[in-house]
Amino acid sequence: MPDDPQIHATTRHALGRRTFLALTGATAAVVAGAGAAAAHDGRSWGPRPVVRPGPGHHHGGRAGAERAAVAFVRAAADAYPTINTGPRLAQSYTDELGLFSTAFVYDNALAICALLGDGRRSSVDSARIIGDGLVFAQDHDPDHADGRLRQGYNVGPYVFYDGNPQPDGFVRADGYANIGWQFGFLGTAVGDMAWPGIALLQLFRATRDPRYLDAARRIGEWITTNTWSTAPLGGFSFGVDGGNVPVPNGSTEHNVDCVAFFTMLRKATGDRRWTDAAEHALAFVDLMWEPRSSWFWTGTNDGVEINRDPVPLDPATWSRLAIRERRYDGALDWAATALAVTDDAADATSQLPDDARLSGVTFSSASLTSTAQYNGVTVHPQGVWLEGTAQLATSLLDRDRRGDRQQAESLLQQVRRAQDMLGGGQNLGGNPVSGGVVAASSLLDSGFGFGYFQVQHVGATSWFLLASTHSNPMRWGGLR
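Residues numbered from 1 in each chain as written. Predicted model: local features only at pLDDT ≥ 70, side-chain atom pairs only at ≥ 80, totals over all residues. Heavy atoms only, no water.

1. Some details on helix α10 (residues 386–399)
Rules: Each helix corresponds to a stretch of at least 4 residues labelled H or I by DSSP, and each strand to a stretch of at least 2 residues labelled E; elements are numbered beginning at the N terminus. Expected span of a helix, by definition, is 1.5 Å for each gap between consecutive residues, and there is one gap fewer than residues. For every residue, the accessible area (1.4 Å probe, protein chains only) is compared with the maximum for its type, and the residue is labelled buried under 20%, exposed over 50%, or partly exposed between those bounds.
Taking 1.5 Å of rise per residue, the 14 residues of α10 would be expected to cover 20 Å, and the 20 Å separating its terminal C-alpha atoms lies within 8% of that figure. When you tally the buried positions in α10, you get 14 out of 14 residues, the bulk of the element. Backbone geometry just after α10 places D400 at a positive phi near 60°.

This is the structure:
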């Protein structure tokens, strides 16, 4: 595996929440479910990509920012028009990250929800194309016919770091889906199943196309058949690695995803078994709640002991969107305070343009103190995780207590500033693109063995759109 800018950190933590263990042959790859990767086998594959800031682009206020964000998401799905003429997925990051045409299913699920939340006919049409891509991937896996989706796929041709060309688009020459084998994105994680399931159900609700409901039902059956944990902590385990070997870890975030997905699946089908599955996931989430501190622990590494370090953001924001119980609402206030950061260009490890400042939240408690390096570049402990900042805004708008709207709007103003100021001069499939929200204001460490970079990202852009349209993707009827 290559020494990619997002793949090698000098520090490692136990497997947890977004981090996913994918084994291909003798090579161990720790990859991030939201699109980051951590994988290498000690060899040098050539030049290491470096993200260099380009000039910013002002998008003309709130409405202009939303239009530009929608255009970026659609451009990511249309990045290889000559080779992808049917169902397809969106490339997750701009080319500058060095993951080539990788399309993570989590990012694509968010893109579907964001486009449906936008509501315009052209956006709904784009959402359907991506949804058709997920259905195709499920129906045309080269090795399995059990309803699974892989963590990531390739959607366009490229030449790998070792000089080996990869000529296919999303559909391989043999008719199968182009799974992400070169980076080891071959495993199937519960969160990477639940989110596409959520997106497909939202598509079904919007279009009444039964193909999307059938695909979501198959996802639910795969999760309950393969990951229902009987360990003491219960819930759903992490999934399977690239060799189809079960991974015993349990993620709080993934079980929150399952609460949302199975609750929606019950509403769509009327089948009581999905309520049972949602309650099984919720019982795990309840065990991860720390009421004295108002946060959720990250999960478990073995199904027996709780993993208490580091403490991540996502369970705090997503529990509001998926579960909406008042007893968990303090998690949002904890996240807004304990994970608050301000990136200042004057700081030694900041990558912001001169005199710039951005505020928001970071990924986890470990991000605030990390001194990790990625390809020789030291992370910035005050780097803003833009995806998480938009998640927090989305969740505050959903909670809607006194002051929540104003706080959410303040966070969205920071995301719009980042959209205007950062990510210029970047490309998708070799073509210039703008309007996307970068993953991070400066290089930051998640605390789980992977980092986020200053590159435009479908996931971050989609959460920005969801907040901007006051959408809740994790609830039936939460989109327009």
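2. Re the environment of F284
We count it as follows: Here, residues are in contact when the closest pair of their heavy atoms is within 4.5 Å.
With respect to the helices and strands, F284 occurs in helix α7 (residues 273–288). Along the chain, F284 and S251 lie 33 residues apart, while their C-alpha atoms are 9.1 Å from each other. Ignoring sequence-local partners within four residues, the contact set of F284 consists of L233, G234, G235, G250, S251, T252, N255, G299 and T300.

3. A short note on the pattern of salt bridges
The cut-off we apply is this: Any Lys or Arg side-chain nitrogen found within 4 Å of a carboxyl oxygen on Asp or Glu counts as a salt bridge.
Applying the stated criterion across every chain, the model contains 28 salt bridges. For D125, the salt bridge goes to R121, with nearest N and O atoms at 3.5 Å. Of this pair, D125 and R121 both sit in helix α3 (residues 121–139), four residues apart, which is roughly one turn of that helix. Taking the relative accessible area as the measure of exposure, D125 reaches 37% and is therefore partly exposed. R121 sits in the exposed class, given a relative accessible area of 67%. As a salt-bridge pair, R327 and E325 come within 2.5 Å of each other at their nearest N and O atoms. One network of salt bridges, with partners in common, ties together R320, R324, D329, D398 and R401.

4. Points about the sheet that holds strand β15 (residues 306–307)
Counted only if it meets this: Two strands are said to pair when DSSP picks up at least two bridges between them.
What the three strands build is an open sheet, ordered β11-β14-β15; its pairing is antiparallel. With one partner strand each, in any of the chains shown, β11 (250–251) and β15 form the two edges of the open sheet. For β11 and strand β14 (residues 299–300), the ladder comprises two bridges, and the chain directions are antiparallel. Across the sheet, residue G250 finds its bridge partner in β14, namely T300.

5. So, the packing of aromatic side chains
Where two aromatic rings form a pair, the distance of their centres and the angle of their planes describe that pair. For clarity, the threshold we go by: Note on aromatic pairs: the rings of Phe, Tyr and Trp (six-membered ring only in Trp) are paired at centre separations within 6.5 Å, and the planes decide the class, stacked below 30 degrees, edge-to-face beyond 60, tilted for the rest. Geometrically, a charge over a ring is one whose NZ (Lys) or CZ (Arg) sits within 6 Å of the ring centre while staying within 35 degrees of the ring normal.
Throughout the structure, instances matching the rule amount to 32 aromatic pairs. Seen from their ring centres, F363 and W385 are 4.5 Å apart, and the 50° between their planes marks the pair as tilted. Placement of the pair is F363 in the loop between β17 (357–361) and β18 (373–374) and W385 in the loop between β19 (377–378) and α10, with a sequence separation of 22 residues. Looking at W385, the relative accessible area reads 0%, which means it is buried. Ring-pair connections join several aromatic residues into one group, and the members of that group are F100, F104, Y158, F160, Y161, F183 and F185. The side chain of R211 reaches across the aromatic face of Y212, ending 5.0 Å from its centre.

6. Quick notes on the sheet that holds strand β10 (residues 246–247)
The sheet built from three strands is open, its strands ordered β8-β9-β10 with antiparallel pairing. The sheet terminates laterally at β8 (188–189) and β10, the two strands that pair on one side only. Sheet analysis places β8 next to strand β9 (residues 239–240), joined by two bridges and oriented antiparallel. Residue pairing across strands places A189 opposite G239, the latter belonging to β9.

Keep in mind these numbers describe shape, not what the thing actually does.
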